[in-house]
Amino acid sequence: MRKLSLACFVALFVCVFANPQDVPKGTNPLTVIHAGTLIDGTSDAARKNQLIFVRGNKIEKVTAAGEAIPPGAQVIDLSNATVLPGLIDSHTHIFLWGEDPNKGGYDANILKAGIALRAARATYACRRALEQGFTTIRDLETEGAGYGDVGIKQAIEEGTIPGPRIFASTRGISSTGGYNLEGYAPELVMPKGVQIIDGPVEARKAAREQLDHGADWIKVYMTHRSWVGKNGELVSQPTLTVEELKAIVDEAHGWGKKVACHAYSGIGLQRALDGGCDSIEHGLTLTDAIIAQMIKQGTWYCPTIAPYYGDWGEENTPGGRRDRKRASDHEISVQKAAKAGVKTAFGTDIGGIPWTEPMGVEFGYMVKFGYTPMATIQSATSRAAEMLDMKGEIGVLTAGAYADIVAVSGDPLKDINELKKVKFVMHDGAVFKNEVSAK
Ligand SMILES: [Zn+2]
């Protein structure tokens, strides 16, 4: 082997150790972030003038400014900014592309986009999430792209593409008549955006298959179509029975995994709780009894408010009435849940909304409908981490946690919309972007 020049050797060192987690133990370089204001994800109040010591991909300690900074440490000056834990979006779809009816809507994604195109779009989605400060996502099914989320997660973990930490739920589960594609000639066997099951045996088998292929969560649709009923109420078509859901929950819990249930209202929502689901997605019509049952069972609530405020059908058409009713019911439910203290995880349903749109619009809706700015921030940090069984590891700025750290210029406790403009992102100890202007 030819002798390497010093320059080559240095370049090789930088290249080989580009990922902090690759650096051998004991040689991890130290980075110190100077935070003007720090919101740590769990405390009730922000703290001024703090130092975060980052070694490798973990936070070593958090101290008040004034602590000695060892020579040789890299210092990142965020003294002009508010620093927070990396954000967590607990309801995303990296394999959805905005559902624009002018571009063929949901069906075009499955019928016309090949898997390579879909993977490329998912790659874009992951970069978008990270650049907006979302260092972790729970991606709630691939909408016909099979186990693609597990592949994208592997590409991120091996450093091939940038992206957040992913909790993947693979294919999703619903029953016959319970998911798209639909409305085609009955003679045609159309592909579906989920795995269809009927009966507890098939339900358990689907859960086993998905868990075997890398699902971190199981996503189940407990309601499908919705419309306004005779008495002006929101009606949702139920899908799985309690027995079917129980088979899935029992199987997932046995593997140490959890089950997220899409459930709007009525019978399907009730079955979701009676079947023991771990998180209610959307939960548009939460009655007082449902809220009491959620609190008793410790069920998580992942409201996704923003998507229900776009693309309303024309007023006084069945679709238009349904769209308005979904939004107005959701508003009341979110207010009730905030007041009752239901365990809440932040979710955007981005993907249903184009990935080009800002994910942070959801924050404003949560504050508008009754969550305090701090509770809203915690729903996207420490509370979500708790739901994901990562308490103390993500969603918090404290010793021992992963170095997932973001910053905004202003004060999100005064204006929550600051979270739409994340200026600094560190993920797993590596700086992904830094647009904070120095003092
Ligand atoms: Zn969704």
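Data block above holds the structure.
Residues numbered from 1 in each chain as written. Predicted model: local features only at pLDDT ≥ 70, side-chain atom pairs only at ≥ 80, totals over all residues. Heavy atoms only, no water.

S.K.: Looking at this structure, I do not really get the coordination of the zinc ion. What am I missing?
M.R.: Ideal values for angles at a metal depend on the geometry: 109.5 degrees with four tetrahedral donors, 90 or 180 degrees with six octahedral donors. Protein coordination at the zinc ion comes from His91 (NE2), His93 (NE2) and Asp349 (OD), with a distance range of 2.1 to 2.3 Å. The motif formed by the donor residues of the zinc ion, counted along the single chain, is H-x1-H-x255-D. We note that histidine 91, like histidine 93, is buried. (Donors = N, O, S within 2.8 Å, 3.2 Å for Na, K, Ca; no water. Buried < 20%, exposed > 50% of the residue type's maximum accessible area, 1.4 Å probe, protein only.)

S.K.: Please explain helix α7 (residues 266-274) as it appears in this structure.
M.R.: Since the α-helix turns once every 3.6 residues, residues separated by three or four places project in the same direction. Buried within α7 we find Gly268, Leu269, Ala272 and Leu273. One face of α7 carries all of its buried residues, which in axial projection span an arc of 140 degrees. Those residues of α7 that are buried are in contact with β11 (223-228), β12 (234-238), α6 (242-254), β13 (258-263), β14 (279-282) and α8 (288-297). The first or second residue beyond α7 is glycine 276, which carries a positive phi of 85 degrees. (Helix = DSSP H or I, 4+ residues; strand = E, 2+ residues; numbered from the N terminus. Arc of directions from axis to C-beta. Contact = heavy atoms within 4.5 Å.)

S.K.: Which parts of the structure should I look at to understand the pairing of strand β18 (residues 430-434)?
M.R.: Where strand β17 (residues 422-427) and β18 come together, 4 bridges link them in antiparallel fashion. Note on β18: the bridge partner recorded for valine 425 is lysine 433. The antiparallel hairpin formed by β17 and β18 contains 2 residues in its connecting segment, where aspartate 428 sits at a positive phi of about 55 degrees. (Pairing = 2+ DSSP bridges.)

S.K.: What is the right way to read a nonpolar patch on the surface from this model?
M.R.: Taken together, the side chains of Leu111, Tyr184 and Leu188 make up a nonpolar region of the molecular surface, amounting to roughly 270 Å² of accessible area. Inspection of the secondary structure puts leucine 188 in the loop between β8 (173-174) and β9 (195-196). (Patch = residues over 30% accessible without salt bridge, like charges linked within 9 Å, V, L, I, M, F, W, Y side chains within 5 Å. Areas by Shrake-Rupley, 256 points an atom, 1.4 Å probe, with all protein chains shown as cover. Salt bridge = Lys/Arg side-chain N within 4 Å of Asp/Glu carboxyl O.)

S.K.: Mind showing me how you'd approach the sheet that holds strand β7 (residues 165-168) here?
M.R.: As a general point, the strands of a sheet are linked pairwise by backbone hydrogen bonds and lie either parallel or antiparallel. The parallel open sheet is built from 3 strands, whose spatial order is β5-β6-β7. On the outer flanks of this sheet lie β5 (87-92) and β7, each paired with one strand and no other. Strand-to-strand twist of the sheet, defined as the mean angle between neighbouring strand axes without regard to direction, takes the value 15 degrees. Here 4 bridges tie β5 to strand β6 (residues 134-139), and the two strands are oriented parallel to one another. Directly across from threonine 92, in β6, lies its bridge partner aspartate 139. Contacts from helix α4 (residues 148-157) reach β6 and β7, with the element oriented near 160 degrees to β7. (Axes fitted to C-alpha atoms, helices over the stretch in contact; angles between N-to-C directions.)

S.K.: Would you explain the environment of lysine 420 in this entry?
M.R.: Locating lysine 420 in the fold gives a position in the loop between β16 (405-408) and β17. Ignoring sequence-local partners within four residues, the contact set of lysine 420 consists of Gly360 and Val361.

S.K.: Is there a simple way to explain the packing of helix α5 (residues 200-212) against α6 in this structure?
M.R.: Two packed helices can be described by the angle between their axes and the distance between those axes. Across the interface, α5 lies against α6 with an axial gap of 8 Å and an inter-helix angle of 30 degrees. With respect to α6, the axis of α5 lies roughly parallel. Both α5 and α6 take part in a crossing whose hand is right-handed. Taking contact as the criterion, the partners of Pro200, Ala203, Arg204, Ala207, Arg208 and Leu211 in α5 are, on α6, Glu243, Glu244, Ala247, Ile248, Asp250, Glu251 and Ala252. (Parallel < 35°, antiparallel > 145°, perpendicular 65-115°, else oblique. Left-handed = near helix turned anticlockwise from the far one by under 90°.)

S.K.: I keep staring at the packing of aromatic side chains and nothing clicks. Help me out?
M.R.: Given two aromatic rings, their pairing is described by the distance between the two centres and the angle made by the two planes. For the structure on display, the rule yields 11 aromatic pairs. When the ring of tyrosine 365 is compared with that of phenylalanine 369, the centres are 6.1 Å apart and the planes differ by 45 degrees; the resulting orientation is tilted. The structure contains a cluster of three or more aromatic residues connected by ring pairs, namely Tyr309, Trp312, Tyr365 and Phe369. When the ring centre of phenylalanine 53 is taken as reference, the NZ or CZ atom of lysine 61 above it lies at 4.7 Å. A cation over a ring is seen here: arginine 138 above tryptophan 217, with NZ or CZ 4.6 Å from the ring centre. (Phe/Tyr/Trp six-rings, centres within 6.5 Å; stacked < 30°, edge-to-face > 60°. Lys NZ or Arg CZ within 6 Å of the ring centre and 35° of its normal.)

S.K.: What exactly am I supposed to notice about the sheet that holds β18 here?
M.R.: Pairing in this open sheet of 7 strands is mixed, and the strands run β3-β2-β1-β4-β16-β17-β18 from one edge to the other. Only two strands of the sheet have a single neighbouring strand rather than two, namely β3 (58-64) and β18. The sheet shows a mean angle of 30 degrees between the axes of neighbouring strands, taken without regard to direction. Where strand β1 (residues 30-38) meets strand β2 (residues 47-55), 8 bridges bridge the pair, whose relative direction is antiparallel. Within β2, the position partnered with valine 32 by the bridge is phenylalanine 53.

S.K.: Before we go on, may I ask you to explain the environment of alanine 345 in this structure?
M.R.: Take alanine 345: it is sitting in the loop between α9 (318-340) and α10 (361-368). A C-alpha to C-alpha distance of 9.7 Å links alanine 345 and threonine 304, two positions 41 residues apart in sequence. Excluding residues within four positions of it along the chain, alanine 345 makes contact with Ser90, Trp300, Tyr301, Cys302, Pro303, Ser379, Ala384 and Met387.

S.K.: How should the side chain of serine 382 be read in this particular structure?
M.R.: The topology assignment puts serine 382 in helix α12 (residues 382-387). Owing to a relative accessible area of 10%, serine 382 belongs among the buried residues under this scheme. Discounting chain neighbours no more than four positions away, the residues touching serine 382 are Gly41, Thr42 and Gly395.

S.K.: What should I look at first to understand the pairing of strand β10 (residues 217-221) in this one?
M.R.: Two faces make up the sheet, and in a regular strand the side chains alternate between them. Most of β10 sits inside the fold, with 5 of its 5 residues counted as buried. Alternating positions in β10 separate into two faces, Trp217, Lys219 and Tyr221 on one and Ile218 and Val220 on the other, with burial throughout. Relative to β13, β10 is paired through 5 bridges, and the arrangement is parallel. For isoleucine 218, the partnering residue across the bridge sits in β13 and is valine 259.

S.K.: Mind showing me how you'd approach the pattern of salt bridges here?
M.R.: Two side chains with opposite charge may pair up if their charged atoms get near one another. For the structure on display, the rule yields 21 salt bridges. Where aspartate 216 meets lysine 153, a salt bridge forms, and the shortest distance between an N and an O atom there is 2.8 Å. In this pair, aspartate 216 is assigned in the loop between α5 and β10 and lysine 153 in helix α4, connecting sequence segments 63 residues apart. Neither residue differs from the other here; aspartate 216 and lysine 153 are each classed as buried. A salt bridge links aspartate 404 to arginine 165; the nearest nitrogen and oxygen atoms lie 3.2 Å apart. One end of the pair, aspartate 404, is in the loop between α12 and β16; the other, arginine 165, is in strand β7, and 239 residues separate them in sequence. In this pair, the class of aspartate 404 matches that of arginine 165, namely buried.

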